Amino acid sequence: MRFVTSARRVSALLFVAVLSACGSGDGSQQSSTSISTNDVSFSAASPDASTPPAQILTATIDPEAIYVAVLHNGAAIASVTYSLSGDTAQIVVDPASPGGLGAGVFTGTITVVGYRCADPACSRLVSGNSQIVNVVYQIPPVVRFVAPYVGVAATADTAVIRGQGFQKFTVEGVTFGATAATTFTVVSDTEIRASYPALAVETYPVRIQAPSSPGAITSLANLVIVAAPAYVATTLVYPAAVSPVSQIQALRYDAERQALLVAVNGGQILRYAYAGAWGAPTTAAVGSLSDIALSTDGQQLLALAQTALTQIDPATLAAGTVTPAPALAADVFLKNLAVANDGNAVVTTGYNGSSNTQTYLYATRSPAFSQPATAPSMDNSTPGGSADGSSIVLAQGSPALASATGVYRYLAASQTFSVTGVSLNQNSIAPALDRAATRIVLNGTNVYDAGYNFLGTLPSTTLAVVVKPDATRAYTFDSAASQVLSFDLTASPAGGAFPQVGATAPAGDPGTGVRMAISPDGGTLFLAGNNQIAVQPAPP
Amino acid sequence: MNAKNSPAKRFFLAVSLLLYGAHALADSSAVQATNFQLGFASGDTYVSGSRDSNTYGINGSVTFPLLAYLGGSLSGAYAHTNLAANFPSETGTSTSASARPLCSVDRDDLAAGLFVRDPTIGRVGIGYGAGRTQSHCDATFLSTGTDTLETRNYAADAAYYFSKATLAIARTRTRLEAGGDLNSSTLTASWYPTNNARATLSAGGLDFKNTYSLGLDYQPEFLDNSLSLLFAYTARQQAIEARFLTIGLSYYFDKRVDLITRDRQYR
């Protein structure tokens, strides 16, 4: 028995020895994963540019690896895909959209790792060397708009410059053509407020200087300096084709082209151009026309119909892009619009009766309607905007309502709507503002400051009102006087009313349903009624 | 590939029925009695000084007698592993630590073994196992071109029992799905300072020079020999240097024997 046991022990030891003598193929060969490049860069001309094409890398995977992972992070990279052929991986790197990123320098990292078996059963994996690909994506800022885009010759003034990336790279200068801004303030990443000196009549590209920008800064903004018009008092008659005029939807003055644009009878746009004298109007028909406005850069005339918005060439009145209205409830229609300096138009909707309906934004350069989260539902709202496009006031309701309704505003800087502290029911007079929204006239009578603090009143007999761009005067067309009256908004109201400081009779009676407009220099008033159009130098 | 329908699954089912049915007739000294154990294990893997991955999982096995000196075992395991990708230190503004991508894999293993054992001398055995790894990230197994890899492994082992020590050798061949084979050998020396404690040193890989491991197993008597604790440290010295730290807990059903007895007569 002892012999048997000993034999077993010898056999067991021999078996151990035999097994240990067997070679194994675990392998400790020096090998690793390699990649064609460890640095990838993308660039786009601006946040508005199209997405750069994908880039392709080639990785050779550790031949002992059984498993390869291609992982990525960082804002610069939208996606990474790869395909394997043997131990070679072709890696496709798609950059993120410039519009989604905005301006700046963005980074990302791609890691390519081959994993080997970590134990004999390959139940665990252990990473081999990692190949790191650093991705850098550079997007310079962009200047999109300047507002107001029209200035007056020989007059120093201020302008709001809108774009993106103003705080991503230090802005060291702002120029209008070759002329440097006298002062400028970077208000936010999307806004600069700049002052320019007196300039001659010319078109001035607006540029910012940011030496740390990774590329040339695109500017789409031009400041157009025009001479202050010296129009004599006169009247402009409506053509027979649109007579009689029953309703004036809108009256706009195109200072760049010295033209008056009038929307009448819910279907016709009339354009009166001035070339030493006012010429006969050209016309364009737009069905169910409800309002018109020039785009922020003056390149398009936005013609709002009840069911669509059409971009029209402001010089030729040739129709361009037509954007249908968003899905509207029954009996709801597009009502009015006002243009902000962010390139959006605030578009209100109406209803035949009293009902709250949606408010929209319309992007002029990429024509489309949108509905921001803060966009309010309002009762037949009417907007009025400042010439610099910074603020749009929206009044709503009607005098027939028993209780007052809130007045809203759209701030272009933040692209948000908010309710103001003012409540009233609108009448037929649209909100009027000065160039920088420091004075706001609601219902033609109530004057507020930028904080919507009540300042004083204008006569209750006001039929139409405009505020001088510098906010020193309010000009009204008064039903009792049948004149244009001038009120000093810098004076303290007496008994709550701003003092009248001037008056003038228009060259001809504009008729009823009067709309008013004012030239950028504040020197000329335009009144359009159902009878005719009056061009009138502003009273003192 | 779906493991539920795989040939390996069917094979294990057949082998299990065969082996487990046979053990009822056995009066074996290879395995004193059928015994079960269930365990939990967790571990970290470190590569180049930084944590590379962490794993946790459960495992279970049954060992049973078949014939005189012949025993069998069946085992299964599941593990989940988070594989980091060795991203560089992220100090840039656009890359935060929270954005560091992880890759995770799940691993299922089944194994069956047959062995001849004399508790006074040692044992020799053979085994067959199948495993399936599935990844949950943007990663691919090179041999399959998919996110799943199946493996088959064949093992042979032998152990010689000294009074308070064991010397063992094992050789494993792992066949990767649609890929090549991995071969390894492991030499293990174990010492029992007490009947319920075991210290293990092992060397594995090519010429036993690639992987070194230290393991400590302790089965507290005050828990009625129902549990054992495992701590293991493994250093892999190859082109890719890695260290593995594992802790585990095993629970033994019914058979409350000391550790050295369990190792030599029950599992």
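The model shown is predicted, which means the values in this text are computed figures rather than measured ones. (Residues numbered from 1 in each chain as written. Chains lettered and ligands numbered in written order. Predicted model: local features only at pLDDT ≥ 70, side-chain atom pairs only at ≥ 80, totals over all residues. Heavy atoms only, no water.)

## Re the overall build of chain B
Argument step 1. Of regular secondary structure, chain B possesses 2 helices and 13 strands.
Argument step 2. The buried share of chain B, reckoned over its 267 residues, is 50%.
Argument step 3. If you take every contact in chain B between residues at least 6 apart in sequence, the share linking residues at least 24 apart comes to 52%.
Argument step 4. In the structure as shown, chain B presents an accessible area of about 12,200 Å², 60% of it carried by carbon and sulfur atoms. (Helix = DSSP H or I, 4+ residues; strand = E, 2+ residues; numbered from the N terminus. Buried < 20%, exposed > 50% of the residue type's maximum accessible area, 1.4 Å probe, protein only. Contact = heavy atoms within 4.5 Å. Areas by Shrake-Rupley, 256 points an atom, 1.4 Å probe, with all protein chains shown as cover.)

## Details of the pattern of salt bridges
Residue and element names in this part refer to chain B.
Argument step 1. Tallying each qualifying case throughout the model produces 20 salt bridges over all chains.
Argument step 2. Between R175 and D181 there is a salt bridge whose closest N-O contact spans 3.0 Å.
Argument step 3. The exposure class assigned to R175 is partly exposed, which follows from its relative accessible area of 39%.
Argument step 4. By relative accessible area, which is 30% here, D181 ends up partly exposed.
Argument step 5. One salt bridge in this structure joins D224 and R256, with 3.5 Å as the shortest N-O distance. Here D224, found in the loop between β11 (211-218) and β12 (227-236), pairs with R256, found in the loop between β13 (242-253) and α2 (259-266); they are 32 residues apart in sequence, far enough to count as distant.
Argument step 6. By sharing partners, the salt bridges in this structure join R198, D217, D263 and R267 into a single network. (Salt bridge = Lys/Arg side-chain N within 4 Å of Asp/Glu carboxyl O.)

## Details of the sheet that holds strand β39 (residues 439-442) of chain A
All names here are of chain A.
Argument step 1. Pairing in this open sheet of 4 strands is antiparallel, and the strands run β38-β39-β40-β41 from one edge to the other. The two strands at the open ends of the sheet, each matched to only one other strand, are β38 (432-433) and β41 (454-457).
Argument step 2. By the bridge criterion, 2 bridges tie β38 to β39 in an arrangement that is antiparallel. The residue bridging A432 from the neighbouring strand is V441, located in β39. (Pairing = 2+ DSSP bridges.)

## Quick notes on the sheet that holds strand β37 (residues 416-423) of chain A
Residue and element names in this part refer to chain A.
Argument step 1. Pairing in this open sheet of 4 strands is antiparallel, and the strands run β34-β35-β36-β37 from one edge to the other. Looking at strand neighbours, the two that pair on one side only are β34 (382-385) and β37, the edges of this open sheet. Taken pair by pair, the neighbouring strands of this sheet meet at an average axis angle of 25°, ignoring direction.
Argument step 2. Across 5 bridges, the pairing between strand β36 (residues 406-411) and β37 is antiparallel. Directly across from R409, in β37, lies its bridge partner S418. (Axes fitted to C-alpha atoms, helices over the stretch in contact; angles between N-to-C directions.)

## Overview of the domain arrangement of chain A
Argument step 1. We note that the domain assignment places domain 1 (3-139), domain 2 (142-226) and domain 3 (431-540) within chain A.
Argument step 2. Just the C-alpha atoms count here: the centres of domain 2 of chain A and domain 3 of chain A sit 31 Å apart. (Domains from an automatic or database assignment.)

## A short note on a nonpolar patch on the surface
Argument step 1. A surface patch of nonpolar side chains, amounting to about 890 Å² of accessible area, comprises F40, Y56, I58, Y78, Y218, F222, L223, L229 and L249 of chain B.
Argument step 2. If you trace the backbone, L229 of chain B turns up in strand β12. (Patch = residues over 30% accessible without salt bridge, like charges linked within 9 Å, V, L, I, M, F, W, Y side chains within 5 Å.)

## Quick look at the state of the cysteines
Residues and elements named next belong to chain B.
Argument step 1. Summed over all chains, the structure comprises 1 disulfide over all chains.
Argument step 2. A sulfur-sulfur separation of 1.7 Å characterises the disulfide bridge that pairs C103 with C137. With C103 in strand β4 (residues 102-118) and C137 in the loop between β5 (122-135) and β6 (139-141), the pair connects residues that are 34 residues apart, well separated along the chain. (Disulfide = S-S within 2.5 Å.)

## Concerning the environment of T166 of chain B
All names here are of chain B.
Argument step 1. In this fold, T166 is placed in strand β8 (residues 165-176).
Argument step 2. Classification of T166 as buried rests on a relative accessible area of 10%.
Argument step 3. Residues T166 and Y266, 100 residues apart in the sequence, show an inter-C-alpha distance of 15 Å.
Argument step 4. Setting aside anything within four residues of it in sequence, one finds T166 in contact with A159, Y160, Y161, T188, A189, S190, Y192 and R264.
Argument step 5. Among the polar contacts made by the side chain of T166, one reaches the side chain of R264 at a distance of 3.0 Å. (Polar contact = N/O pair within 3.5 Å; in protein donor to acceptor, adjacent residues only side chain to side chain.)

## Brief notes about the packing of aromatic side chains
Argument step 1. In this structure the tally under the stated criterion is 18 aromatic pairs over all chains.
Argument step 2. Ring centres of Y128 of chain B and Y154 of chain B lie 5.2 Å apart, and the angle between their planes is 50°; on these two criteria the pair is classed as tilted. Residue Y128 of chain B is found in strand β5, and its partner Y154 of chain B is found in strand β7 (residues 148-161); the two are separated by 26 residues along the sequence.
Argument step 3. Given the relative accessible area of 17%, Y128 of chain B is considered buried.
Argument step 4. Here the aromatic rings of Y251 of chain B and F253 of chain B are separated by 4.9 Å at their centres, their planes lie at 90°, and the arrangement is edge-to-face.
Argument step 5. The exposure class of Y251 of chain B is partly exposed, given its relative accessible area of 32%.
Argument step 6. Connected via pairs of aromatic rings, a cluster forms that spans Y231, Y253, Y274, W278 and F526 of chain A.
Argument step 7. Across the ring face of F115 of chain B, the terminal group of R123 of chain B is positioned such that the distance to the ring centre comes to 4.3 Å.
Argument step 8. A cation over a ring is seen here: R262 of chain B above Y252 of chain B, with NZ or CZ 3.6 Å from the ring centre. (Phe/Tyr/Trp six-rings, centres within 6.5 Å; stacked < 30°, edge-to-face > 60°. Lys NZ or Arg CZ within 6 Å of the ring centre and 35° of its normal.)

## Some details on unusual backbone geometry
Residue and element names in this part refer to chain A.
Argument step 1. That bond from A147 to P148 is cis: its omega, -5°, falls within 30 degrees of zero.
Argument step 2. Turning to its location among the elements, P148 is positioned in the loop between β9 (142-147) and β10 (150-152).
Argument step 3. Its identity as a non-glycine residue notwithstanding, A471 has a phi of 70°, on the positive side.
Argument step 4. Exposure remark for A471: the relative accessible area of 9% places this residue in the buried category.

## Considerations on empty space enclosed by the protein
Argument step 1. Here the structure, examined in full by the defined rule, presents 2 cavities of 30 Å³ or more.
Argument step 2. Volume-wise, the second largest cavity comes out at about 60 Å³.
Argument step 3. Lining the second largest cavity are S123, R124 and L125 of chain A together with T81, L83, V105, R107 and T133 of chain B.
Argument step 4. Broken down by secondary-structure element, the contributors of at least two residues to the lining of the second largest cavity are β3 (70-84) and β4 of chain B.
Argument step 5. A breakdown of the residues in the lining of the second largest cavity according to their chemical character gives 3 nonpolar, 3 polar and 2 charged. (1 Å grid on protein atoms, 1.4 Å probe; cavity = no way out; pocket = protein on both sides within 12 Å on 5 of 7 lines; lining within 4 Å. Points joined across faces, edges and corners; volume = space filled by probe spheres on them. Nonpolar A, V, L, I, M, F, W, Y, C, P; charged D, E, K, R; others polar.)

## Focus on the side chain of T151 of chain B
Argument step 1. Inspection of the secondary structure assignment puts T151 of chain B in strand β7.
Argument step 2. With relative accessibility at 0%, the residue T151 of chain B sits in the buried group.

## With respect to the nonpolar core
Residues and elements named next belong to chain A.
Argument step 1. In this structure, I161, F176, Y238 and L260 are the most contacted members of the largest nonpolar core, which totals 47 residues.
Argument step 2. Counting residues per element, this core draws most heavily on strand β18 (residues 222-226), which supplies 4 residues.
Argument step 3. Counting only domains with at least three residues in this core, you end up with domain 2 (142-226) and domain 3 (431-540).
Argument step 4. Apart from residues no more than four positions distant in its own chain, L260 is found in contact with L236, L251, R252, Y253, L270, R271, Y272, W278, F526, I533 and V535. (Core = buried A, V, L, I, M, F, W, Y, C linked by side-chain atoms within 4.5 Å.)

## Focus: the environment of T246 of chain B
Argument step 1. Tracing the chain through its elements places T246 of chain B in strand β13.
Argument step 2. As a C-alpha pair, T246 of chain B and D108 of chain B span 138 residues in sequence and 18 Å in three-dimensional space.
Argument step 3. Residues in contact with T246 of chain B, not counting those within four places in the same chain, are R124 of chain A together with S42, G43, L230, F231 and A232 of chain B.

## A look at the confidence of the model for chain A
Argument step 1. On average, residues of chain A score 92 in pLDDT, and 94% of them are at 70 or above.
Argument step 2. Every residue in residues 10-30 of chain A is under pLDDT 50, and counting partners more than four places away or in other chains gives 43 contacts. (pLDDT = per-residue confidence, 0-100.)

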